[in-house]
Amino acid sequence: MCFRRYFFLFFSAGLLFSFSQKKTCGTSFFVQQSLKKFPEKQMVLDQLNSFTKEFIELNKLCRVSDTTYIIPVVVHVIHNYGSERISKNQVLSCMQSINNDFNALNDDIVEVVDSFTNIISDMGIEFRLAQLDSEGNCTDGITYHQSILTYEGGENVKDDTYWDNDMYMNVWVVADLASEGTAAYAYYPGSAPDNHEGIICDDDYFGTIGTANNGNWSRHTMPHEVGHYFNLAHPWGSNNGPGDEDEDEDGIPDNCMID
């Protein structure tokens, strides 16, 4: 079974559930902002995409089916002692949602349209809260940091909290993102400002309990962003407009040729 093929299917399905409400994914915007500020990072992205295409061509059979990849995660909760100081149980509920989606265990998988049900797959990826910090000390994989920046969260909360991205997937949870109308965003690999790679999420969209809820947009927001973290664009490409406009009147929806 081909990893990219099934990962793409999952990501496409998750997208439909994740952002049907008023807050949307901010990845496309923030990636473009970073590339404008640090144009040298475009070369990193181009090299990664070239490698990916070559790897797919050379590995048609993909990996063996019993391989499981473990991703250590650290969740940085940025708070000002309000409800945004989410509980460990809420963090665990989000981890469960991510693992469910990536391993075809989500109960709403029955809603996948019939044309794609035969390629649903367990991704063989498990996300675990880190048990050791970068100094080798025991941790539960959750850090709490008091800051009024939680009300306008973004790149401003990362400098003093970031853990080595070679060892951990960094996640930040804030009360509100500074980018109005954004539920969460991530960076494609290598495109983030230095020491800022990871995912940042509004606490209302993080997990299934506490300040979040068990609606589709909350349950699937973080799995959606993890897809971006793993270098997947939206199915229609790196923008936030899945419409069917055809401004050049060539008979092909404009977004069809982006990705």
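Caption draft 1: Focus on the pattern of salt bridges. Taken as a whole and assessed by the stated rule, the structure comprises four salt bridges. Asp-107 serves as the salt-bridge partner of Arg-219, at 2.9 Å between the closest nitrogen and oxygen. Separated by 112 residues along the polypeptide, Arg-219 in helix H5 (residues 216-219) and Asp-107 in the loop between helix H4 (88-102) and strand S3 (125-129) bring together distant segments of the chain. When its relative accessible area of 14% is taken as the criterion, Arg-219 is described as buried. Lys-158 is the partner of Glu-155 in a salt bridge, and the nearest nitrogen-oxygen pair spans 3.1 Å. The exposure class assigned to Lys-158 is buried, which follows from its relative accessible area of 0%. Within this structure, Asp-107, Asp-108 and Arg-219 form a network of salt bridges that share partners.

Caption draft 2: Expanded view of the side chain of Lys-158. One can find Lys-158 in the loop between strand S4 (142-146) and strand S5 (169-174). In terms of polar contacts, Lys-158 uses its side chain to reach the side chain of Glu-155, at 3.1 Å. Among the polar contacts made by the side chain of Lys-158, one reaches the main-chain carbonyl oxygen of His-196 at a distance of 2.9 Å.

Caption draft 3: Quick peek at the pairing of S3. Only one face of S3 is covered, namely the face carrying Ile-125, Phe-127 and Leu-129; the face carrying Glu-126 and Arg-128 is uncovered. Where strand S2 (residues 69-79) and S3 come together, five bridges link them in parallel fashion. The partner of Ile-71 across the bridge, within S3, is Phe-127.

Thresholds applied
- Residues numbered from 1 in each chain as written.
- Predicted model: local features only at pLDDT ≥ 70, side-chain atom pairs only at ≥ 80, totals over all residues.
- Heavy atoms only, no water.
- Salt bridge = Lys/Arg side-chain N within 4 Å of Asp/Glu carboxyl O.
- Helix = DSSP H or I, 4+ residues; strand = E, 2+ residues; numbered from the N terminus.
- Buried < 20%, exposed > 50% of the residue type's maximum accessible area, 1.4 Å probe, protein only.
- Polar contact = N/O pair within 3.5 Å; in protein donor to acceptor, adjacent residues only side chain to side chain.
- Pairing = 2+ DSSP bridges.

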